[in-house]
Amino acid sequence: MNRLSKSVDSLAPATVITGATHGLGRALAEEFARGGYDLLLVARDEVALRRTAQELSAAYHVEVRTLAADLSTEEGCAKVEEALESAGLYAEMLVNNAALMTAGFFQDQDPEKLRKIADLNVSAVIDLTRRLLPGMIARHKGGVLNVASVEGFMPVPYQATYAATKAFVLSFTRSLSYETMGTGIRISSLAPGTIATGMHAKAGAEYSRYVQYLPAMSAEDVARIGYRNFMRGRKVIVPGLFNKFAALVAPFVPKLLLVPFAGLLFRVRDAEGNLQWPRPLPKPEASMPHAKTKAAERQAKAEAASKDARRIAR
Ligand SMILES: NC(=O)c1ccc[n+]([C@@H]2O[C@H](COP(=O)([O-])OP(=O)(O)OC[C@H]3O[C@@H](n4cnc5c(N)ncnc54)[C@H](OP(=O)(O)O)[C@@H]3O)[C@@H](O)[C@H]2O)c1
């Protein structure tokens, strides 16, 4: 049977929140629970999911279900739909919050991690929205809240990939919000500045100047502002005056000034404030195929010459 043709009456609504075990996702889950919404929380750590679900259902008397899934994979995203179906739920709202960050010189990044960042911060947002939005449109009811970042408004050296994924989230969400006008669906992006969560330390950026010197908001404050404005239908939500100013001004500052300034703030440093430098790469002669060929040619010539010399000597 077509999923959309199932009677909505036989299904119960739930708000799907990704990355709901820590930081902003946990705080957003609390806001939705306080608002009386039943939840499906998604993250990888089953123990943390169970603990979060128990805390929220005890405090707010809502149904909280959990799903342990790696959303950086297509199978992980498919599990969300399966979990909803098997629990007799439909997604009333979707909060795409889970994301990964990496910091430092691009050429030193682990390629596997870079791929994971793109898969989680971009592909999972597209995938889950594509899976759950049609049902919302069919019911003329629901919403999608995509978590972006102030970094999405500007290029950010040393967090190049992460910032670009957040620029994607802003652009994608703005476009969808226009496309779904008049359908009864609200689609918003939440673009916070620095939040005091474990994300920066996990990325190795805890001593960067933006973490040390720029004002950080609490996850609870960002979630409260995000939730309230999402419910009011605001399209782009930037919590905090400093962040609003940055998001407003960044697009108009010449990139010649903006990019080096961002570089100064986001350069990775150690606990003593020393700058991180790129790791030495292997010499081009050893790694470039044409250099290898030339070296091999030189060696073959030398061997031929010594053979000739031996023949003449005999
Ligand atoms: N922190 C900031 O300063 C800041 C600023 C602006 C925007 N944001 C955005 O806010 C959102 C939340 O950030 P945060 O600081 O709260 O992050 P966080 O503390 O690192 O939490 C990330 C959450 O995502 C989950 N997660 C990570 N990888 C996952 C995967 N592959 N599949 C499913 N779940 C996964 C984690 O749980 P498991 O490890 O159990 O999977 C955790 O619940 C992100 O979109 C971030 O870009 C953060």
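Look up: the structure comes first, before these words.
Anyway, here's the lowdown on the structure attached to this text. Starting afresh in each chain, residues are numbered from 1 along the sequence in its written order. Where totals are concerned, whole chains, interfaces and linings use all residues; where local detail is concerned, this predicted model gives features only for residues with pLDDT of at least 70, and gives and counts side-chain atom pairs only at 80 or more. Based on all heavy atoms of the structure, the side-chain values leave hydrogens and waters out of the count.

## Section: the overall build of the protein chain
Reasoning step 1: Only DSSP runs of H or I covering at least 4 residues are called helices, and only runs of E covering at least 2 are called strands; the numbering of each starts at the N terminus. The secondary structure content of the protein chain amounts to 12 helices and seven strands.
Reasoning step 2: Relative accessibility under 20% of the residue-type maximum defines a buried residue, over 50% an exposed one, and the middle range a partly exposed one, all with a 1.4 Å probe and only protein chains included. Within the protein chain, the proportion of its 314 residues that are buried is 45%.
Reasoning step 3: We call two residues in contact whenever any of their non-hydrogen atoms come within 4.5 Å of each other. Of the contacts made within the protein chain by residues no fewer than 6 positions apart, 71% connect residues no fewer than 24 positions apart.
Reasoning step 4: Here the protein chain has roughly 16,700 Å² of accessible surface; of this, 57% comes from carbon and sulfur atoms. Methods summary: accessible areas were calculated by the Shrake-Rupley approach with a probe of 1.4 Å, and residue burial reflects only the protein chains presented.

## Examining the packing of helix H4 (residues 111–139) against helix H5 (residues 160–179)
Reasoning step 1: The angle between two axes is taken between their N-to-C directions and runs from 0 to 180 degrees, where each axis is a line fitted to C-alpha atoms and a helix contributes only its stretch in contact. Relative orientation of the contacting elements H4 and H5 amounts to 10°, with a least axis distance of 9 Å. Classed by the angle they form, the pair H4 and H5 counts as roughly parallel. In contact with Leu-114, Ile-117, Asn-121, Val-122, Val-125, Ile-126 and Thr-129 of H4, H5 contributes Thr-161, Tyr-162, Thr-165, Lys-166, Phe-168, Val-169, Phe-172 and Leu-176.
Reasoning step 2: Along the lines of polarity and charge, the residues of the contact of H4 with H5 split into 10 nonpolar, four polar and one charged. For this classification, under 35 degrees means roughly parallel, over 145 means roughly antiparallel, 65 to 115 means roughly perpendicular, and everything else is oblique. In the scheme used here, Gly and all other residues not listed as nonpolar or charged are polar, with Ala, Val, Leu, Ile, Met, Phe, Trp, Tyr, Cys and Pro taken as nonpolar and Asp, Glu, Lys and Arg as charged.

## As for the pairing of strand S1 (residues 12–18)
As a general feature of sheets, a regular strand has side chains that alternate between the two faces.
Reasoning step 1: The buried count for S1 comes to five of seven residues, which makes it a mostly enclosed element.
Reasoning step 2: When S1 meets strand S4 (residues 89–96), the two strands line up parallel, connected through six bridges. The residue of S4 that forms the bridge with Pro-13 is Tyr-90.
Reasoning step 3: With four bridges connecting them, S1 and strand S2 (residues 39–43) associate as parallel partners. Looking at S2, one finds that Thr-15 is bridged to Leu-39. A pair of strands counts as paired when DSSP detects no fewer than two bridges linking them.

## Focus on the packing of aromatic side chains
Reasoning step 1: Each Phe, Tyr or Trp ring (for Trp, its six-membered ring) is paired with any other whose centre lies within 6.5 Å, and the angle between the two planes then decides the class: stacked below 30 degrees, edge-to-face above 60, tilted in between. Scanning the model with the defined rule gives six aromatic pairs in all.
Reasoning step 2: The interplanar angle of 20° and the centroid separation of 5.2 Å between the aromatic rings of Phe-168 and Phe-172 together place this pair among those described as stacked. In this pair, Phe-168 and Phe-172 are both assigned in helix H5, four residues apart and thus about one turn of the helix distant.
Reasoning step 3: Overall, the relative accessible area of 22% leaves Phe-168 in the partly exposed class.
Reasoning step 4: Taking relative accessible area as the criterion, Phe-172 reaches 17% and is therefore assigned buried.
Reasoning step 5: Ring centres 4.1 Å apart and planes at 15° place the aromatic pair Tyr-210 and Phe-266 in the stacked group. Taken together, the residues Tyr-210 in helix H7 (residues 209–213) and Phe-266 in helix H10 (residues 255–266) connect sequence positions 56 residues apart.
Reasoning step 6: A relative accessible area of 2% means that Tyr-210 is categorised as buried.
Reasoning step 7: Joined through ring pairs, the aromatic side chains of Phe-32, Tyr-37, Tyr-227 and Phe-230 make up one cluster.
Reasoning step 8: In this scheme, the term charge over a ring applies when either NZ of a lysine or CZ of an arginine sits within 6 Å of the ring centre and within 35 degrees of the ring normal. When the ring centre of Phe-230 is taken as origin, the NZ or CZ atom of Arg-186, which lies over that ring, is 5.4 Å away.
Reasoning step 9: Here the basic side chain of Arg-267 rests over the ring of Trp-277, its NZ or CZ set 4.5 Å away from the ring centre.

## With respect to the site of the ligand
Reasoning step 1: Residues in close proximity to the ligand total 30 residues, the closest being Thr-21, Tyr-162, Thr-197, His-200 and Lys-202.
Reasoning step 2: Between N or O atoms, a polar contact is any pair within 3.5 Å; within protein, one atom must be a potential hydrogen donor and the other a potential acceptor, and residues adjacent in sequence are included only when both atoms are from side chains. Thr-21 is positioned such that a nitrogen or oxygen atom in its side chain is 2.6 Å from an oxygen atom of the ligand.
Reasoning step 3: Between a nitrogen atom of the ligand and a main-chain N or O atom of Leu-71, the distance comes to 3.0 Å.
Reasoning step 4: Surface burial for the ligand is 96%, taken as the share of its 890 Å² of free accessible area covered by protein chains.
Reasoning step 5: Those elements that place two or more of their residues in the shell around the ligand are helix H1 (23–34), H5 and helix H6 (199–203).
Reasoning step 6: At three residues, H6 tops the list of elements feeding residues into the shell around the ligand.
Reasoning step 7: A per-class count over the shell around the ligand returns 14 nonpolar, 11 polar and five charged. Only a single heavy atom is needed: when it lies within 4 Å of a molecule or strand, its residue is near that molecule or strand.

## Notes on the environment of Ala-163
Reasoning step 1: By the secondary structure assignment, Ala-163 is in helix H5.
Reasoning step 2: Once the C-alpha coordinates of Ala-163 and Gly-152 are considered, the two residues, 11 residues apart in sequence, prove to be 5.3 Å apart.
Reasoning step 3: Every residue in contact with Ala-163, bar those within four places of it in the chain, is listed here: Glu-151, Gly-152, Met-154 and Val-156.

## Here we look at the sheet that holds S4
Reasoning step 1: Taken in spatial order, the seven strands of this open sheet run S3-S2-S1-S4-S5-S6-S7, and their pairing is parallel. The open sheet has two edge strands with one neighbour each: strand S3 (64–68) and strand S7 (236–237).
Reasoning step 2: Note that S2 and S3 share five bridges and pair parallel. The residue of S3 that forms the bridge with Leu-39 is Val-64.
Reasoning step 3: Here helix H2 (residues 46–60) sits on the sheet and contacts S2 and S3; the angle it forms with S3, its principal contact strand, is near 170°.
Reasoning step 4: Along the sheet, H5 makes contact with strand S5 (142–147), strand S6 (185–190) and S7, crossing S6 at roughly 160°.

Worth remembering: the numbers are spatial, not functional.
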